[in-house]
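# Close look at the chain arrangement
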Amino acid sequence: MGVNMQIAPMPSTPIPKSIATPSLLSQIITCKYQFGLPLYRQETWFGDIGITINRKTMSSWMVRCSELLEPLYDTLKIQLLQQPAIHADETPLKVIKANKATSYMWLYCCGDDKPEGKTNIVLFDYHNSRAGQCAIDFLDDYSGYMHVDGYKGYEKTSATLVACLAHIRRKFIEAKGNNKTTGKADVALNFIGKLYGIEQSIKEMKDDEKYKARQQQAKPIVEEFYHWLVEHKDKLSPQRPLSKAITYALNQYEKFKRYLDDGKLSIDNNRAERAIKPFVIGRKAWLFSHTPRGAKASAILYSLVETAKANGLVVHDYISHCLEQIAENPDALESLMPWNFK
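Keep in mind that what you see is a predicted model, and the values were worked out from it rather than measured.

Here the chain averages 90 in pLDDT, and 94% of its residues register 70 or above. The spread of mean pLDDT over the elements of the chain runs between helix H9 (residues 270–286), the lowest at 87, and strand S4 (residues 145–147), the highest at 98.

Spelled out as structure tokens, the structure:
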């Protein structure tokens, strides 16, 4: 009597007809995008333990993974643009086969970089340009608050911009230079220090409590600082660093003082600066992307790595799970949101 043998179907894999398991792919992704280990170094490391995987193959895998994970990135973007306040920044990127010599990696984020029950999302967006149109295209008519530095490209968007006190402070620190004596730069820095002191004292408050505290404590200082800036604007040579710092502060003043109007807003854009820092550090290791397609892949993979970190997840486990689940069920994206990951 014959025996009927049934062969179980092969499980779905992220990259069909490939040896790349979700765990292996996640290992390569986290090594490069979380820990800054370029693919050529990973090729050497794999060789040292007796595994032959060349960098060209790994590069192809990274692009395929990014394409697989792009719907998850798009879902996170929808969530980001539903937030009442976000942060933005941008940094140069060298892409060998791009049309222009210098490309840019743009960053948009929300929440905090520490998991505290907030919606924490970090998204990178690659463009071969620094034109304001890049931000317009990403934001898709977003009209909420957006914390930014002084770059004028953001003014073309529909967002309500909130300027960064840390950038204003930096200008006065540069103006002070190595001068140890008390002067006008110190007066400005004293105003700024008082405002940061208030923020430190209210950081655990709820948004409505922060609003009331800022109105009572910070608003008079902000107004006094403004009058001081106006008073000294024309007393200095325009070429002096202090004059430039004052001019910068006055140009940013209307956007900066908006943080007083809502307790959910931040006094600076340090959230974005911290979020973009891992990319800047990683760039020092791998230096450039070869193609725009590879740069876009990096944007998506960096986004998922940094969003996982911002939500307190083990990056390798999260990326591996996402690759496995999307390969099996591409539509089950909601369960892969980092705040739903178990």
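Back to the text.
Our next topic: the pattern of salt bridges. As enumerated under the stated definition, the model contains twelve salt bridges in all. Of the charged contacts, one joins Lys-255 and Glu-155 as a salt bridge, the two residues approaching to 3.5 Å between their closest N and O atoms. Of this pair, Lys-255 sits in helix H8 (residues 241–256) while Glu-155 sits in the loop between S4 and strand S5 (160–162), and the two are 100 residues apart along the sequence. Residue Lys-255 is classed as buried on the basis of its relative accessible area, which comes to 12%. In this structure, Asp-234 and Lys-233 form a salt bridge, with 3.7 Å as the shortest nitrogen-oxygen distance. Judged by relative accessible area, Asp-234 falls into the exposed class, the value being 67%.

Ordered in space as S3-S2-S1-S4-S5, the five strands form an open sheet in which the pairing is mixed. Edge strands, defined here as strands with exactly one partner in the open sheet, are strand S3 (121–127) and S5. Each strand of the sheet is rotated relative to its neighbour by a mean of 30 degrees, with strand direction disregarded. Pairing analysis gives three bridges linking strand S1 (residues 85–93) to S4, with the strands arranged parallel. Bridge pairing links Ile-86 to Met-146 in S4.

The rules behind the values
Residues numbered from 1 in each chain as written. Predicted model: local features only at pLDDT ≥ 70, side-chain atom pairs only at ≥ 80, totals over all residues. Heavy atoms only, no water. pLDDT = per-residue confidence, 0-100. Helix = DSSP H or I, 4+ residues; strand = E, 2+ residues; numbered from the N terminus. Salt bridge = Lys/Arg side-chain N within 4 Å of Asp/Glu carboxyl O. Buried < 20%, exposed > 50% of the residue type's maximum accessible area, 1.4 Å probe, protein only. Pairing = 2+ DSSP bridges. Axes fitted to C-alpha atoms, helices over the stretch in contact; angles between N-to-C directions.

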